[in-house]
Amino acid sequence: MKITQLEVFVIGDGPDIDPDKGGVEPIACIRVHTSEGLTGLSEVFRIPPGVVQATVGDRDSFFGRLLIGQEVTHPERLWQHVWDSLMHTNRRGWEIIILGALDVAIWDLYGKMLGQPVWKLLGGVQRGVFQSTVGSEVEIVPYCTLVSDTWGGEAMISQQVSRAETLASLGYRAFKVEPMMSTPADVVELARRCRTCIGEDLTLMVDVGYLFNDVSTAVQVCRELEPLNIAFFETPFPVDTPEPYAKLAARTSIPLAMGEHGVTRWEFLDMMDRGGVSVIQPYMTTCGGLTEAKRIVELAVARGVQVCPGNWSTQILGAASVHLAAYSPVTPFIEFAPAEVFESPLRRELQAAGFPVENGAIKLPKHPGIGYELPEEILNSFRM
Ligand SMILES: [Mg+2]
């Protein structure tokens, strides 16, 4: 079976729905076609769709010349073939994020070719049921990322807390508040009110979105958050130097998290070894694909670090996170942007077409490949 075509299409909620309020921004999707008619699907988060359209296409395109005509074999061979061919280019940024999306689509294809779900091909489940949060079987637990229409102050706090309350009543088990562009007092108050709202048994995380420039302010905030049982504190500082993370990690008991924009295992090594970060958050496409995410899990296991895949995108990408989480022994949670509380028709439809969340968890997928089939009606209604 050979790769014959790389198709790109763009979907989105359209200009009337604000991505900062939960809408889906225009997002390129890739479908890899083969000589036997099997296809593989992925989306490409945070790369301008025009860049994807300009570089992924027929035999003359940047990626087409590397992949069209290739035999479909283990995705790691195809990843390595592309990577080696890019050795004299930038090896980071859009180039590797698009390689990551192609890799996810190729895993989808490879699973379909072998009639196996991707998590089994990654190595099968490598943790026991006692490592699941509840229940008697291994399952994948999404944590809900909460945003609000405004940042800072009472409007942000009450909207995020009320969203947590709604989602907890639907059975979700874990929540991440997002006090972006807020004062230290607002950060602590939002976490405190959310903890009171969801009770002691559910999981709470805090993401401040690169809010601080100095370690001592972040240490003070963490000191006040410590009694609230916070599962992790995400991106307190800009990410280009890991040293402030290491200094904060030495002075708080709250695990620090980063990595949503991390590209390749080499950046994650830096976060863990120089930054002292104990939760890393690769996106399954951005990091370089499922092939690279598996390598990142192996590096994390050797360091006792958790891998909680990031995904502030749709459930096309979320489906790939589910397969990594099924395999990974260090993944208690995956990120999830819950369509139930955001004004986004596309997010809602893509979630409804994905793996169901029941009693706050997702069952191990059974379908061959990634197992996300994009309904034609969604494509027709939201194509841009
Ligand atoms: Mg974040």
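Small disclaimer: the values here were computed from a predicted structure and weren't measured.

Scoring rules and cut-offs
- Residues numbered from 1 in each chain as written.
- Predicted model: local features only at pLDDT ≥ 70, side-chain atom pairs only at ≥ 80, totals over all residues.
- Pairing = 2+ DSSP bridges.
- Helix = DSSP H or I, 4+ residues; strand = E, 2+ residues; numbered from the N terminus.
- Axes fitted to C-alpha atoms, helices over the stretch in contact; angles between N-to-C directions.
- Parallel < 35°, antiparallel > 145°, perpendicular 65-115°, else oblique.
- Left-handed = near helix turned anticlockwise from the far one by under 90°.
- Contact = placed C-beta atoms within 7 Å.
- Nonpolar A, V, L, I, M, F, W, Y, C, P; charged D, E, K, R; others polar.
- Buried ≥ 20, exposed ≤ 12 C-beta atoms within 10 Å, placed from the backbone.
- Right-handed = clockwise from strand over helix to strand, strands pointing away.
- Domains from an automatic or database assignment.
- Core = buried A, V, L, I, M, F, W, Y, C linked by C-beta atoms within 7 Å.

**Q** Talk me through the sheet that holds strand β1 (residues 3–11); I want residue IDs and the actual numbers.
**A** Taken together, the three strands give an open sheet; going across it, the order is β1-β2-β3, and neighbouring strands pair in antiparallel fashion. Looking at which strands have only one partner, the edges of the open sheet turn out to be β1 and β3 (39–44). For this sheet, the mean inter-axis angle between neighbouring strands, taken without regard to orientation, is 20°. One ladder, built from eight bridges, connects β1 with strand β2 (residues 27–34); its direction is antiparallel. What sits directly across from I3, in β2, is T34.

**Q** Tell me about the sheet that holds strand β11 (residues 334–336), and name the residues and values.
**A** Taken in spatial order, the eight strands make up an open sheet running β10-β9-β8-β7-β6-β5-β4-β11, and their pairing is parallel. The two strands at the open ends of the sheet, each matched to only one other strand, are β10 (306–307) and β11. When strand β4 (residues 142–145) meets β11, the two strands line up parallel, connected through three bridges. Each residue of the ladder has a partner; that of C144, found in β11, is F336.

**Q** An account of the packing of helix α7 (residues 184–198) against helix α8 (residues 215–225) is requested, with residue identities and associated values reported.
**A** Viewed as axis vectors pointing N to C, α7 and α8 meet at an angle of 20°, and their least axial separation amounts to 10 Å. Regarding the angle of α7 to α8, the classification is roughly parallel. In this structure, α7 crosses over α8, and the sense of that crossing is right-handed. Taking contact as the criterion, the partners of P184, V187, V188 and A191 in α7 are, on α8, T217, Q220, V221, E224 and L225. Of the residues in the contact of α7 with α8, the class split is six nonpolar, two polar and one charged.

**Q** Please set out the pairing of strand β6 (residues 203–207) residue by residue, giving values where relevant.
**A** Burial of β6 is extensive: five of the five residues sit out of reach of the surface. Burial of the side chains of β6 extends over both faces: T203, M205 and D207 are buried on one face and L204 and V206 on the other. In this structure, strand β5 (residues 174–177) lies alongside β6, joined through four bridges in parallel fashion. Bridging across to β6, V177 finds its partner in V206. Once you follow β5 into α7 and on to β6, the crossover reads as right-handed. Both β6 and strand β7 (residues 230–234) contribute to a ladder of three bridges, which runs parallel. Note on β7: the bridge partner recorded for V206 is F233. For the handedness criterion, the β-α-β arrangement of β6, α8 and β7 is classed as right-handed.

**Q** Give a description of the domain arrangement of the chain that names residues and reports values.
**A** Partitioning the chain into domains gives domain 1 (3–115) and domain 2 (122–372). When each unit is reduced to the centre of its C-alpha atoms, the spacing between domain 1 and domain 2 is 25 Å. In this assembly, 35 residues from domain 1 lie in contact with 30 residues from domain 2. If you list the elements that add at least two residues to the side of domain 1 that touches domain 2, you get β2, β3, α3 (75–85) and α4 (93–114). With 13 residues, the single largest contributor to the side of domain 1 that touches domain 2 is α4. Across the side of domain 1 that touches domain 2, the residue classes tally to 17 nonpolar, nine polar and nine charged.

**Q** I'd like to hear about the nonpolar core, residue by residue, with values.
**A** Ranked by internal contacts, the top residues of the largest apolar core, which has 120 residues, are F175 and I280. A total of twelve residues in this core trace back to one element, the largest contributor, which is α4. With residues near it in sequence (within four places) discarded, F175 still touches Y143, C144, L146, A164, L167, C194, I198, L202 and L204.

**Q** Please provide a residue-by-residue account of helix α13 (residues 345–352), values included.
**A** Each full turn of the α-helix corresponds to 3.6 residues, which orients residues three or four apart in the same direction. What α13 keeps buried is the set L346, R347, E349, L350 and Q351. Residues of α13 that are buried make contact with β1, α12 (315–327) and α14 (376–382).

**Q** For the pairing of β7, give the residues involved together with the corresponding values.
**A** Across the five residues that make up β7, a large majority, five, are buried. A crossover connection joins β7 to the parallel strand β8 (residues 256–258) through helix α9 (residues 243–249); in handedness this β-α-β unit is right-handed.

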